[in-house]
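Given next are the chains, with one letter for each unit.
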Amino acid sequence: MKILTKPNKFLMSAAILLFGLSIQAQTNVFDDVIAASPDHTSLTAALEAAELDDDLQNPNGEFTVFAPDNDAFNDLAAALGVTVGDLLALDNLSDILLYHVLSGEVPSSAIVNGDIVTPLNDANTIKLTATGDGDVFANQAQVN
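Residues numbered from 1 in each chain as written. Predicted model: local features only at pLDDT ≥ 70, side-chain atom pairs only at ≥ 80, totals over all residues. Heavy atoms only, no water.

For helix α3 (residues 41–49), the full list of buried residues reads Ser42, Leu43, Thr44, Ala46 and Leu47. Looking one or two residues past α3, Glu51 carries a phi angle of roughly 60 degrees, positive in sign. (Buried < 20%, exposed > 50% of the residue type's maximum accessible area, 1.4 Å probe, protein only. Helix = DSSP H or I, 4+ residues; strand = E, 2+ residues; numbered from the N terminus.)

So, in structure tokens, the structure goes:
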């Protein structure tokens, strides 16, 4: 089912503007944050296609989502010579998306430079980098 490991890594690293969202109790991250953002229409469509939107609609769920924006999806599609629609049709779309989600709330203030975290798709880990200026990176993609 897995097409290549390269797209999984690329989706994380290609996103120049990648941001983390922490969900607190009583927040529906899918409806209130991701689907409400005009910069995340591709992610919204991907979560719906992979049938993961329901999980993020749970107001009692606590997750940290590294949410690739539309530019990240466009960059990945261009690099692979496909369309965003082709990306949304991948058999392993759910696995790719779950690589962008951590269980629990991880505020940027709690990140220690060099932290290695395991996302819900535990096939790979994510290296977190925190700079002295307060910038945070996930596998070299800046978290905004």
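So, on to the environment of Lys127. Positionally, Lys127 belongs in strand β5 (residues 126–130). For the pair Lys127 and Ile116, spaced 11 residues apart in sequence, the C-alpha to C-alpha distance is 4.6 Å. Apart from the residues within four sequence positions on either side, Lys127 is in contact with Gly114, Asp115, Ile116, Phe137, Ala138 and Asn139. (Contact = heavy atoms within 4.5 Å.)

With that out of the way, let us pick up the side chain of Asn70. Looking at where Asn70 falls in the secondary structure, it is placed in helix α5 (residues 70–80). With a relative accessible area of 15%, Asn70 lands in the buried category. Looking at Asn70, its side chain comes within polar contact range of the main-chain oxygen of Pro38, at 3.2 Å. Among the polar contacts made by the side chain of Asn70, one reaches the main-chain amide nitrogen of Thr41 at a distance of 3.0 Å. Those residues in contact with Asn70, other than ones at most four positions away along the chain, are Pro38, Asp39, His40, Thr41, Ser42 and Leu43. (Polar contact = N/O pair within 3.5 Å; in protein donor to acceptor, adjacent residues only side chain to side chain.)

The next point concerns unusual backbone geometry. Non-glycine residue Glu51 carries a positive phi angle of around 60 degrees. Looking at the secondary structure, you find Glu51 in the loop between α3 and α4 (53–56). With a relative accessible area of 64%, Glu51 lands in the exposed category. A positive phi angle is found at Asn139, which is not glycine, with a value near 50 degrees. Among the secondary structure elements, Asn139 is positioned in the loop between β6 (136–138) and β7 (141–143).

Turning our attention to the pairing of β5. Regular strands place their side chains on alternate faces of the sheet. Pairing of strand β4 (residues 116–117) with β5 involves 2 bridges; the strand directions are antiparallel. Bridge pairing in β5 places Val117 opposite Ile126. Hairpin geometry of β5 and β6 is characterised by an intervening segment of 5 residues between the two adjacent antiparallel strands and by a positive phi of about 95 degrees at Gly134. (Pairing = 2+ DSSP bridges.)

What follows is about the pairing of strand β2 (residues 63–68). Counting buried positions along β2 yields 6 of 6 residues, so the element is predominantly enclosed. Burial of the side chains of β2 extends over both faces: Phe63, Val65 and Ala67 are buried on one face and Thr64, Phe66 and Pro68 on the other. Examined bridge by bridge, β2 and strand β3 (residues 101–103) share 3 bridges and lie antiparallel to one another. What sits directly across from Thr64, in β3, is Leu102.

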